[in-house]
Amino acid sequence: MDPRINVIDKRLKDIKRIIAVSGGKGGIGKSSTASLLALSLADIGKNVGLIDLDFYGPSCHVILGIRDVYPEEEKGVIPPDVDGISFMSIIYYAKDNPLTVRGIDISNAIIELFAITQWGKLDYLIIDMPPGIGDSTLDIIRLVSKIEFLVITNQSKVVLETVKKTLKMLKDSKVPILGVIQNMKTKEFPEVREWIEKFDVRYLGEIAYDDGFEDCLGVPERLLKSAFAKRIKKIIKSM
Ligand SMILES: Nc1ncnc2c1ncn2[C@@H]1O[C@H](COP(=O)(O)OP(=O)(O)OP(=O)(O)O)[C@@H](O)[C@H]1O
Ligand SMILES: [Mg+2]
């Protein structure tokens, strides 16, 4: 057995809730939700960590405007505090270079990141998951015992079909599901809610498609005033 796996429990022991933001498809707002969730929780005074596990396409640092900060090395690494969020990402090590590694190396990198990071006491650790429910999702379920999943969908049948598989996989694996958020809502479509609730999973609410969101990217003060953040703050109350 990999000795680093025993260390992970120790590293995560002072964190009250660990939430993986996931969903079956790409480009549906997982990173935006994970980043805004972390920012909004920090804004209401919670101790928050955020880890970007999308090694091929890390985005949280772009959304939150994080640059030129690095972890401190001290028997492991201490993530830098950015806008009240302890932030970890592969970008500290890969910088702007694309990562050309295979599945097993990604699993290794996930184990390494969780084994070296000293989060300290946190109310929430938010994990931004890569698209799909492949190796990284299975790794997280295996490595992080108190994980809960927050699943993102949009209104498209194409996405909903994949979300169905994600929910089934999580249920079969007996992983707690916090609920589902519908992002990029453009029109009333009550079937989405009904469809989610059929799975006996909580429908946490919806976030409208926001034309102004692009102008807020990289600027935390603007993000916090966005319609997206307002919805996230409402959803936090029901979590
Ligand atoms: N509610 C919204 N309104 C407007 N734009 C949005 C909304 N949610 C997300 N976006 C935009 O959609 C794009 C994809 O969002 P994001 O990167 O968060 O998705 P993702 O699911 O993390 O993608 P990936 O699967 O590639 O990791 C981004 O350009 C983001 O700014
Ligand atoms: Mg993403």
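Just so you know, these numbers come straight off a predicted model, no measurement behind them.

What counts, and where the lines are drawn
- Residues numbered from 1 in each chain as written.
- Chains lettered and ligands numbered in written order.
- Predicted model: local features only at pLDDT ≥ 70, side-chain atom pairs only at ≥ 80, totals over all residues.
- Core = buried A, V, L, I, M, F, W, Y, C linked by C-beta atoms within 7 Å.
- Buried ≥ 20, exposed ≤ 12 C-beta atoms within 10 Å, placed from the backbone.
- Helix = DSSP H or I, 4+ residues; strand = E, 2+ residues; numbered from the N terminus.
- Pairing = 2+ DSSP bridges.
- Near = placed C-beta within 6 Å.
- Axes fitted to C-alpha atoms, helices over the stretch in contact; angles between N-to-C directions.
- Parallel < 35°, antiparallel > 145°, perpendicular 65-115°, else oblique.
- Left-handed = near helix turned anticlockwise from the far one by under 90°.
- Contact = placed C-beta atoms within 7 Å.
- Nonpolar A, V, L, I, M, F, W, Y, C, P; charged D, E, K, R; others polar.

Trainee: I'd love a proper account of the nonpolar core, names of residues and values included.
Mentor: Counting 62 residues, the largest nonpolar core has Val 21, Ala 38, Leu 50, Ile 126 and Ile 127 as the members making the most contacts within it. At seven residues, helix α2 (residues 30-43) tops the list of elements feeding residues into this core.

Trainee: Residue-level account of the sheet that holds strand β5 (residues 81-82), with values.
Mentor: Ordered in space as β5-β6-β2-β7-β1-β8-β9-β10, the eight strands form an open sheet in which the pairing is mixed. Each edge of the sheet is formed by a strand with only one pairing partner; in this case those strands are β5 and β10 (203-208). Two strands pair when backbone bridges link them, and strand β1 (residues 15-22) and strand β8 (residues 147-153) are joined in this way by five bridges, in the parallel orientation. Across the sheet, residue Ile 18 finds its bridge partner in β8, namely Ile 147.

Trainee: Which residues make up the site of ligand 1, and what values go with them?
Mentor: Taken together, 20 residues are adjacent to ligand 1, and Gly 26, Gly 29, Ser 31, Ser 32 and Pro 131 come closest. Counting residues per element, the shell around ligand 1 draws most heavily on α2, which supplies three residues.

Trainee: Outline the packing of helix α1 (residues 3-12) against helix α5 (residues 103-116), listing residues and values.
Mentor: α5 packs onto α1 with a crossing angle of 45° between their chain directions and a minimal axis gap of 8 Å. Classified by the angle their axes make, α1 and α5 are oblique. As α1 runs across α5, the sense of the crossing is left-handed. Contacts between α1 and α5 pair Arg 4, Ile 5, Val 7, Ile 8 and Arg 11 from the former with Ile 111, Glu 112, Phe 114 and Ala 115 from the latter. Here the residues of the contact of α1 with α5 sort into six nonpolar, no polar and three charged.

Keep in mind that these numbers describe shape and distance, not what the molecule does.
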